[in-house]
Amino acid sequence: MRVSGLLLTTLLASNATVALAAQFDFSNEYNTNSIHAQGDLFFIDKVKELSAGEIDITLHSGGALGYKSSDHFYAVADNAVQIADTLAGSMSGIDPIFLLSSLPFLVQDEDQAELLYNIAKPYYKEVFEENDQILLYASPWPASGIWSKEKVDSQETLNGLKIRTYDKNGTITLREAGASPVKLSWADVVPQLSTGGIEAVLTSADAGASASFWEHLDNYSAIQYAIPLNMVHMNRDEFEDLSDVEQSAILEAAKLTDEHNWKTVRMRVKDNYKELNDHAVAIHKDLPPAFIKHLQDSARPALKDWLDDVGGRAEAILAEFDKEK
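Just so you know, these numbers come straight off a predicted model, no measurement behind them. (Residues numbered from 1 in each chain as written. Predicted model: local features only at pLDDT ≥ 70, side-chain atom pairs only at ≥ 80, totals over all residues. Heavy atoms only, no water.)

Enquirer: Kindly report on unusual backbone geometry, identifying the contributing residues and their values.
Expert: Its identity as a non-glycine residue notwithstanding, Phe105 has a phi of 65°, on the positive side. Residue position: Phe105 is located in the loop between strand 3 (83-87) and helix 4 (110-130). The class for Phe105 is buried, based on a relative accessible area of 15%. Notably, Ser212 is not glycine yet its phi reads approximately 55°, a positive angle. Along the chain, Ser212 turns up in the loop between helix 8 (205-210) and strand 9 (219-221). Assessed through its relative accessible area of 22%, Ser212 is described here as partly exposed. (Helix = DSSP H or I, 4+ residues; strand = E, 2+ residues; numbered from the N terminus. Buried < 20%, exposed > 50% of the residue type's maximum accessible area, 1.4 Å probe, protein only.)

Enquirer: Any chance you could break down the side chain of Glu110 for me, citing the residues and the numbers?
Expert: Relative to the helices and strands, Glu110 is located in helix 4. Filtering out sequence-adjacent residues up to four positions away, Glu110 remains in contact with Ile227, Trp262, Val265 and Arg266. (Contact = heavy atoms within 4.5 Å.)

Enquirer: Describe the nonpolar core, and please don't skip the residues or the numbers.
Expert: In terms of nonpolar packing, the biggest core is built from 42 residues, with Leu158, Phe213, Ile223 and Leu295 touching the most fellow members. When residues of this core are traced back to their parent elements, those giving at least two are strand 5 (144-148), helix 7 (189-195), strand 8 (200-204), helix 8, helix 10 (244-278) and helix 11 (289-298). Among residues more than four places away in sequence, those in contact with Phe213 are Trp147, Trp186, Val189, Val190, Leu193, Val201, Thr203 and Gly208. Among the nonpolar cores identified, the runner-up in size contains 34 residues, and Ala88, Phe98, Trp262 and Val265 belong to it. (Core = buried A, V, L, I, M, F, W, Y, C linked by side-chain atoms within 4.5 Å.)

Enquirer: Describe the pairing of strand 10 (residues 229-235), with residues and values.
Expert: Counting buried positions along strand 10 gives 7 out of 7 residues, so the element sits mostly inside the fold. Pairing of strand 3 with strand 10 involves 5 bridges; the strand directions are antiparallel. Within strand 10, the position partnered with Ile83 by the bridge is Met234. The sheet contact formed by strand 4 (residues 133-140) and strand 10 spans 7 bridges and is antiparallel. (Pairing = 2+ DSSP bridges.)

No statement about biological role is implied by the geometric values presented.
In structure tokens, the structure reads:
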């Protein structure tokens, strides 16, 4: 009987530990092969390791929970989902500062994109904190280009093109450039390609590869439009309910994931281009300077709108960026 009692006590203690483990749902609109979902899985593994298994996070990629990026901000604030990976521009209705990373032609490369993120991070954090959330880490995209059926390399090939954009900046810029932009959430892109609702997509080589765009589009123009961010944010009450040790595990894992994601994005394009080549997608890198200048000129109204909307914060961020880049 004594042995049985010890076994029972051990089993009860084990079950109590399992029951007390924190469990969180994590929503991501993009599929498991995307750079974002891969970064999120890295984060989950690090949290599990650093918390000795005391925090259990389940990633729901591909919009499996029914949430798009545009739904995430309030879903996390309301604790309908505890963590989300969200396209920054989709939160511009909350605060226009979230359009910063997708301002066209503002950054030249990943180094500048990371610098801009670090300068703006305190401002991002403030918005999340005011809405009962915390910012965990950034999930940067490779540079955006144009996926299309026919080669896009001039103002003429852009005229009237029904092209998907992912936020206000892209919609303004491509409309000014002569295209017919349609702002769509990621979950709606492939269905619209399939039905002919759009004939081109503004997004990265990575996003197109993860969604097998070659089934619909044969060309990719590397215009280096922007290096936009997704942001991973968490419900603050859920975070604060964790023990100090568990909170430290979350924050350390987030720091490591930030570093991991910025390293990964610098290497991703080479692999993306190989995959596009394997699927006979024509990659256009040396685009005519006149075409790029036309796009850059067309982007000026988007930058002006953003500066007007964000005001003093915008001026402070860009002044520091210009000084340090």
